[in-house]
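Read off the chains here:
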Amino acid sequence: MHTDPQVVVLFPGAWGNLAPKYLDFWMANPEKVFQRFFGNRVKVIKIVYSGASMDEIVQGAFVQLEREKVTSAIALGYSLGVSIMALACSRRPDLFTNCIKFQGDDDGIGWAGYLRGMSALLIPFVIALFTGWMRITSKRAVRRVFFTGERLQDATENQVDLVMTHLCPNAIYPLLELAFPPMKKRIPSIHIPSASIIGGKDIFYRKVRERPDQKVYSFPNWGHGAILEYTFVKQAIWNALIDFGFIPKTTDESTQH
């Protein structure tokens, strides 16, 4: 009997959009996990951000999903992509059955995370105020943002270089709307089953607010770059999907549930 594939929509973080080079790098592990879980009956769509504000970015996402004829999907957002995903889910709750918030929060970065982030990214931020674009060009900053926590803290220079080549530049205004607490857009509450995956050594997100229909998965030793480790991504997403009630198509995976 023919069944429609499970559609999964991926909302990348601030540094992983604009072009396939960046999207494919940052979303590689989530895409692989969903393909392992659902087998060959899955369709993964990676959102390409366009627009000068969150509203325009979300509207662009809906245009892309309409073009793909999506009527029902699981959504996953990473980092600041969680806020974009949450806004999309709040506007089209009929479109999304479940959402996974991977190291991010509906309301973006709070004051504590903002201050920790600025301690690592102050120079790129100041430059961006004058140029309109934010770029990370320091290996030290990349290590402080992405290479903390279990396994990642021992990253080689080649691993750091690889990440640096996949950090796309960001227009400063939508970034402020997502990350700067006084300018953050208020996201309406979403009421679909959600999983929030948080790392205790994440530079930006270490705690999230309790929300209806949301289960929090806390990993004390994970940093913000955990999405770069397949074993971490697989464990978190696999557990969330099972708790949502989905049944894996493959049986050779194990989780620490």
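Asks: Which residues make up the sheet that holds strand 1 (residues 6-11), and what are the values?
Replies: If you walk across this open sheet you meet the six strands as 2-1-3-4-7-8, and the pairing is parallel. Strand pairing shows two members of the sheet lacking a second neighbour, strand 2 (42-46) and strand 8 (214-219), which therefore form its edges. For this sheet, the mean inter-axis angle between neighbouring strands, taken without regard to orientation, is 15°. One ladder, built from four bridges, connects strand 1 with strand 3 (residues 73-78); its direction is parallel. From the neighbouring strand, Val 9 faces strand 3, where its bridge partner is Ala 75. Docked against the sheet, helix 2 (residues 28-38) engages strand 1, strand 2, strand 3 and strand 4 (96-102), running at close to 165° with respect to strand 1.

Asks: Got a sec to walk through a nonpolar patch on the surface? Specific residues and values, please.
Replies: Together, Leu 122, Val 126, Leu 129 and Phe 130 line one region of the surface with nonpolar side chains, adding up to about 440 Å² of accessible area. You can see Phe 130 is positioned in helix 5 (residues 111-131). Classification of Phe 130 as exposed rests on a relative accessible area of 74%.

Asks: Explain the environment of Glu 56 to me, using residue names and the numbers behind them.
Replies: Counting through the fold element by element, Glu 56 comes out in helix 3 (residues 54-67). With 118 residues separating them along the chain, Glu 56 and Pro 174 place their C-alpha atoms 9.6 Å apart. Excluding residues that lie within four positions of it along the chain, Glu 56 makes contacts with Ser 50 and Gly 51.

Asks: Which residues make up the packing of aromatic side chains, and what are the values?
Replies: Here the distance between the centres and the angle between the planes together describe a pair of aromatic rings. Applying the stated criterion to the full structure yields 13 aromatic pairs. Relative to Phe 102, the ring of Tyr 78 lies with its centre 6.3 Å away and its plane at 55°, an arrangement referred to as tilted. Residue Tyr 78 is found in strand 3, and its partner Phe 102 is found in strand 4; the two are separated by 24 residues along the sequence. Here Tyr 78 and Phe 102 have matching classes, each one buried. The structure contains a cluster of three or more aromatic residues connected by ring pairs, namely Phe 25, Trp 26, Tyr 78, Phe 102, Phe 146, Phe 219, Trp 222 and Phe 232. A cation over a ring is seen here: Arg 92 above Phe 62, with NZ or CZ 5.9 Å from the ring centre.

Asks: Break down the pairing of strand 3 for me, citing the residues and quoting the values.
Replies: Burial of strand 3 is extensive: six of the six residues sit out of reach of the surface. The pairing of strand 3 with strand 4 spans six bridges and is classified as parallel. Considered in strand 4, the bridge of Ala 75 is made with Cys 99. Following the chain from strand 3 across helix 4 (residues 81-91) to the adjacent parallel strand 4, one finds a crossover that is right-handed.

So, how was this worked out
Residues numbered from 1 in each chain as written. Predicted model: local features only at pLDDT ≥ 70, side-chain atom pairs only at ≥ 80, totals over all residues. Heavy atoms only, no water. Pairing = 2+ DSSP bridges. Helix = DSSP H or I, 4+ residues; strand = E, 2+ residues; numbered from the N terminus. Axes fitted to C-alpha atoms, helices over the stretch in contact; angles between N-to-C directions. Contact = heavy atoms within 4.5 Å. Patch = residues over 30% accessible without salt bridge, like charges linked within 9 Å, V, L, I, M, F, W, Y side chains within 5 Å. Areas by Shrake-Rupley, 256 points an atom, 1.4 Å probe, with all protein chains shown as cover. Salt bridge = Lys/Arg side-chain N within 4 Å of Asp/Glu carboxyl O. Buried < 20%, exposed > 50% of the residue type's maximum accessible area, 1.4 Å probe, protein only. Phe/Tyr/Trp six-rings, centres within 6.5 Å; stacked < 30°, edge-to-face > 60°. Lys NZ or Arg CZ within 6 Å of the ring centre and 35° of its normal. Right-handed = clockwise from strand over helix to strand, strands pointing away.

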